Amino acid sequence: MTGLKIMLVAAEASGDALGAGLARALRARQTDIAFVGVGGPRMADEGIVSPFDIADLSIFGWIDGLRAYGRVKARVAETVALARRERPDAVVLIDSWGFTIRVAQAIRAEMPGIKLIKYVGPQVWASRPGRAKTLASAVDHLLALYHFDAPFFERAGLPTTVVGSQALHVDMAGADGARFRSRHAMAPEAPLLLVLPGSRPSEIARMTPVYEGAVARLKAADPALNVAVVVAGTVAEDITARVATWPFRVQLVQEAEKYDAMKAATVAMATSGTVSTELALAGAPMVIGYRFDPLSYAIMRPFFTGKFATLFNTAADEEIARELIQADATPERFAAAVGRLLANRDLRQDQAARQTAALDLMGRGGPDPSDLAAQAVLDVIAA
């Protein structure tokens with residue numbers, strides 16, 4: 001197999017990281033390979049120049065999607081135009097269901113000879129299982145993250161390879177909680193609450209006020225509580241501006257020291273997403289929350305079929321980490337749930353241990369997902 005051209009399409013920060021890892025793994029297997037596509041700064045570091053900034057495609061929920069419809073439609077057209085110009089051997093569409101399914105359908109209609117591969121399927125085990133059939137009609141192959149994903153898509157007739165989640169392979173060996181505490185003048189045993197507001201603008205807007213209210217209550221109960229807030233790169237300015245108005249001292253945590261902070265945390269308070277897996281790997285007990293646009297939630301709620309929002313809760317089939325979703329995601333309930341963990345070392349240790357056990361159920365310790373994904377892509381092209 002020589003002279004391949006592969007197009008990678010990612011529309012969010014998490015997909016950008018997956019795309020960069022996949023590009024490196026593909027290049028390690030085959031030197032005469034060219035990449036084009038859509039992505040962010042990590043994919044740009046791998047030589048993939050995006051025709052537009054993906055920041056405005058970080059959308060979640062039906063109402064947010066409707067508001068952004070014109071913008072998304074234009075970006076879909078630009079992505080399809082790139083495929084039309086470049087005529088790649090395959091297009092790998094990474095995560096971001098709403099955007100990538102539109103791109104897949106448009107490319108399939110216009111250029112049916114191009115192999116289409118979806119990397120990360122929609123969470124049909126949690127909501128709208130009919131999406132499995134929709135995806136099966138639009139792409140040739142799925143690279144799934146977890147074993148419990150595969151049956152839904154295979155029943156719909158979509159060949160699926162389980163590659164594992166890169167989040168389970170985050171290397172925490174170099175993370176040092178003591179180093180973080182020393183750097184920020186925190187005593188070794190001082191309580192530290194780590195807040196992770198999210199990586200989408202809509203998440204920041206809805207969850208940051210909730211976290212502020214929860215922290216205010218916790219600080220009132222224990223003025224010595226240290227608080228640190230992780231500033232995700234794609235929304236760094238927004239988070240920084242919001243936290244600057246909080247009426248108490250907060251340590252901002254940049255991406256470079258995020259894992260040190262996770263190791264240092266006594267308890268974490270986080271917006272639902274991949275970060276919950278990273279926190280579990282770091283051994284940090286946590287409380288998870290999420291708020292949707294109210295109208296989006298009212299429309300979507302009947303389609304939710306899963307018990308939990310957090311992946312390790314789903315894998316274990318129990319609420320190991322407390323989940324506070326929508327109406328439950330209030331400052332009072334966060335403060336109560338976090339406060340219980342802060343006050344009880346045994347409770348924290350038990351939750352951390354059960355989180356770790358659930359990660360094993362998710363496939364921790366398996367082969368590198370980027371390597372498996374790269375081989376699967378090459379196999380699909382060669383078929």
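The present account deals with the structure reproduced in this document. Worth saying up front: this structure is predicted, and the values here are computed from it rather than measured.

Reading guide: rules and limits
Residues numbered from 1 in each chain as written. Predicted model: local features only at pLDDT ≥ 70, side-chain atom pairs only at ≥ 80, totals over all residues. Heavy atoms only, no water. Phe/Tyr/Trp six-rings, centres within 6.5 Å; stacked < 30°, edge-to-face > 60°. Buried < 20%, exposed > 50% of the residue type's maximum accessible area, 1.4 Å probe, protein only. Core = buried A, V, L, I, M, F, W, Y, C linked by side-chain atoms within 4.5 Å. Contact = heavy atoms within 4.5 Å. Helix = DSSP H or I, 4+ residues; strand = E, 2+ residues; numbered from the N terminus. Pairing = 2+ DSSP bridges. Axes fitted to C-alpha atoms, helices over the stretch in contact; angles between N-to-C directions.

**Some points on the packing of aromatic side chains**
All chains considered together, the criterion is met by 5 aromatic pairs. Between Y146 and F148, the aromatic rings sit 5.4 Å apart at their centres with planes inclined by 10°, giving stacked as the arrangement. What makes F148 partly exposed here is its relative accessible area of 25%. A ring pair is formed by Y290 and F292, whose centres lie 4.9 Å apart and whose planes are at 50°; its orientation type is tilted.

**Concerning the nonpolar core**
Generally speaking, soluble globular proteins have nonpolar side chains that are buried together. Counting residues in hydrophobic clusters, the biggest one holds 66 residues, and the most contacted among them are Y119, L194 and L279. Leaving out residues up to four positions away in the same chain, Y119 has contacts with L18, L22, V92, L93, I94, D95, L143, L145, V163, P369 and A373. In this structure, I54, I101, L116 and A132 belong to the second largest nonpolar core, which totals 33 residues.

**Some remarks on the environment of A55**
One can find A55 in the loop between α2 (41–45) and α3 (62–67). Between the alpha carbons of A55 and M172 there is a distance of 28 Å; along the sequence they are 117 residues apart.

**Quick look at the sheet that holds strand β12 (residues 322–325)**
In spatial order, the strands read β9-β8-β7-β10-β11-β12; together these 6 strands make up an open sheet with parallel pairing. Looking at which strands have only one partner, the edges of the open sheet turn out to be β9 (251–253) and β12. When strand polarity is set aside, the average angle formed by the axes of neighbouring strands in this sheet is 20°.

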